[in-house]
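Close look at the chain arrangement
Below, each chain spelled out in residue letters.
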Amino acid sequence: GEPARPPYAAGPGGLLVDFMRWRDAGAPRDAPEARWYLSARSFLTTPATRRELLAVDARRRQGEAGARATLLAPFAGGTGAGLPYFVLRVPRDRLLETALRALAACPDGELKKELKVVFEGEAGVDEGGPRKEFFQLLVPQLFDPIVGMFAPTPGGADGSIDEIFFNAACDWYDTEFELAGLLVGLAVYNSVVLDVRLPRCAYAKLLAAGPGSDARFEPGLEDLAELDGQLARGLDQLLRYEPARDVEAVFCRTFADDDPKAPPGDGALIALSEAGADAPVTGGNRDAYVVALCDYRLRGAVSAQFDRFAAGFWRVLAGSALERVVEPEELRVMVQGEPGSLDFDALRPVVAYEGFGEAPRDHAVVRALWDAVRSLDDEGRRLFLMFVTGSKTAPMGGLGALRPPAHPAFRVQRAGPDSDNLPTAHTCFNTLLLPEYDPPAKLPRLLAMAIRECEGFGLQ
């Protein structure tokens, strides 16, 4: 008979349907010709497209989890399990300990619902703003190097020093590492960008640890360079040095590394081979030495900390096929946002306007707004984005990706007739509220005052 038609069909929604069927089939990498999936060949789509597909899938999974909870509500006995959302109630003064306790006790099924955050004693319904603030408040309490769970890197290959990595010496935290991973997983699942600066190799490790991954993280010099560029360059010189017979005398290295848990200056060493810490590095075994050192620095030394972090991350995202869809750099952008400068010209075509007439883009106040934004320096533009959206960083795909389904639309809304009131914002809705300034020339001064001096989310 006629062969079965492949599930992918070109046309509106075809890629989304293909992705849903592929994920529901268990996200196979290979399938019979009769069940050919375009989504199994993720390299054929752009990173932004894959991010959007994952966002739609997350909304779908959240809806399914909420629907199941609603059906089971009569049997839930008034507990949170009967709610269509995962509602997290936290006090500001005990945020970390309360969140740690609540998330540790939360069933995995609850994490699949859409997250809603309620700060105790504060009115308001979470449409995104309190959730963003929750992440912004928790991130420094877990990821700041001063806490000790993560340590600043000595410097990447490009000289950067603003990244962090798991602190191999940290053995005084346990569930906190799982909470940190859970926090990152919840942010990805709920399309929230975090101010976290982990290197690409951390995300490569994370994807390899996914329940559906058939990859193994094999660290090399390129990965080590993200943590310690100077060390990586030195090891590269060791590998290239000629004549090979002089390697032992010139480099004077042994198969050992400093014990990260020993006190500074102690001199304690960790052996990198069965031959012991005193075994010399020679021209004949230098390749094995570099492999062993990279493996220890990026895997062995931080295995306890990373394993807890990964367990928390995949509690949320198991079953999402994330590990088969994105590359490490793409996952980093999903978590941390797009690097580089902000392109507001990419945002303007997707902005929604309310109250500025039938041709809002030609309205004098709207033109004055974008002229003012264009005149800001990089820090000013980030403050403006923070003022409206609660984040200083663009999501994956750039500012043009600030639109449904992954994110609420960026809106500019008229806030009454002319006045000298400052612009305000509802970050929960990504909405900027502008009076109809007359003359519009006063807008830049008032906007600059608002973004640099006003605090809070404008949540009424």
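Below, the structure is looked at part by part. A quick note: this is a predicted structure, and the numbers were derived from the prediction, not measured. Positions within a chain are numbered from 1, following the residues in the order the chain's sequence is written. Only residues with pLDDT of 70 or above have their local features reported here, since the model is predicted, and side-chain atom pairs are shown and tallied only from 80 upward, although totals for entire chains, interfaces and linings are computed over all residues. Derived side-chain values reflect all non-hydrogen atoms in the structure, with water molecules and hydrogen atoms excluded from consideration.

With respect to the overall build of the protein chain
For helices the rule is a DSSP run of H or I covering at least 4 residues; for strands it is a run of E covering at least 2, with both sets numbered from the N terminus onward. Across its full length, the protein chain holds 17 helices and 10 strands. Split into buried and exposed, the 460 residues of the protein chain put 48% on the buried side. Residue pairs in contact within the protein chain that sit at least 24 positions apart in sequence constitute 68% of those at least 6 positions apart. The Shrake-Rupley method, run with a 1.4 Å probe, gives the accessible areas here. Residue values count only the displayed protein chains as cover. About 21700 Å² of surface is accessible on the protein chain, with carbon and sulfur atoms providing 53% of the total. Residue exposure (1.4 Å probe, protein chains only): buried if accessible area is under 20% of the type maximum, exposed if over 50%, otherwise partly exposed. In this description, contact between two residues means that some pair of their heavy atoms is separated by no more than 4.5 Å.

Let's talk about the side chain of Q336
Within the secondary structure, Q336 is located in helix α13 (residues 328-336). Residue class for Q336 comes out buried when judged on its relative accessible area of 7%. Within 3.5 Å is the distance limit for a polar contact, defined as a pair of N or O atoms, with the added protein rule that one can donate a hydrogen and the other accept it, and that residues adjacent in sequence qualify only through two side-chain atoms. At a separation of 3.3 Å, a polar atom in the side chain of Q336 contacts the main-chain carbonyl oxygen of V196.

Here's the deal with the side chain of H363
You can see H363 is positioned in the loop between β7 (352-354) and α15 (364-375). Assessed through its relative accessible area of 18%, H363 is described here as buried. Other than its neighbours up to four places away in sequence, H363 contacts F356 and E436.

Some points on the packing of aromatic side chains
Ring pairs are drawn from Phe, Tyr and Trp, using the six-membered ring of Trp, whenever the two centres fall within 6.5 Å, and their geometry is named by plane angle: stacked under 30 degrees, edge-to-face over 60, tilted for the rest. This structure, assessed with the given rule, holds 16 aromatic pairs. Aromatic side chains F150 and F166 sit 5.2 Å apart centroid to centroid with 40° between the ring planes, which places their arrangement in the tilted category. Of this pair, F150 sits in strand β3 (residues 150-152) while F166 is found in strand β4 (residues 164-166), placing the two residues 16 residues apart along the sequence. When its relative accessible area of 1% is taken as the criterion, F150 is described as buried. In this structure F166 comes out as buried when scored by relative accessible area, which is 4%. Centre to centre, the rings of F313 and W314 are 5.0 Å apart; their planes meet at 85°, and the pair counts as edge-to-face. Given the relative accessible area of 0%, F313 is considered buried.

Details of the environment of P280
Tracing the backbone shows P280 in the loop between β6 (269-271) and α11 (286-298). On the basis of relative accessible area, P280 is assigned to the partly exposed category, the value being 34%. Considered as a pair, P280 and F255 are 25 residues apart in the sequence and their alpha carbons are 6.3 Å apart. Once residues within four sequence positions are removed from consideration, P280 is found in contact with E248, R253, T254, F255 and N285.

Focus on helix α17 (residues 443-453)
Listed as buried for α17 are L443, L446, L447, A450 and I451. The buried residues of α17 occupy an angular sector of 125° when the element is viewed end-on, so they sit on one face. Buried residues belonging to α17 abut α15, α16 (378-389) and β10 (431-434). In this context, the arc is that of the directions from the helix axis out to the C-beta atoms.

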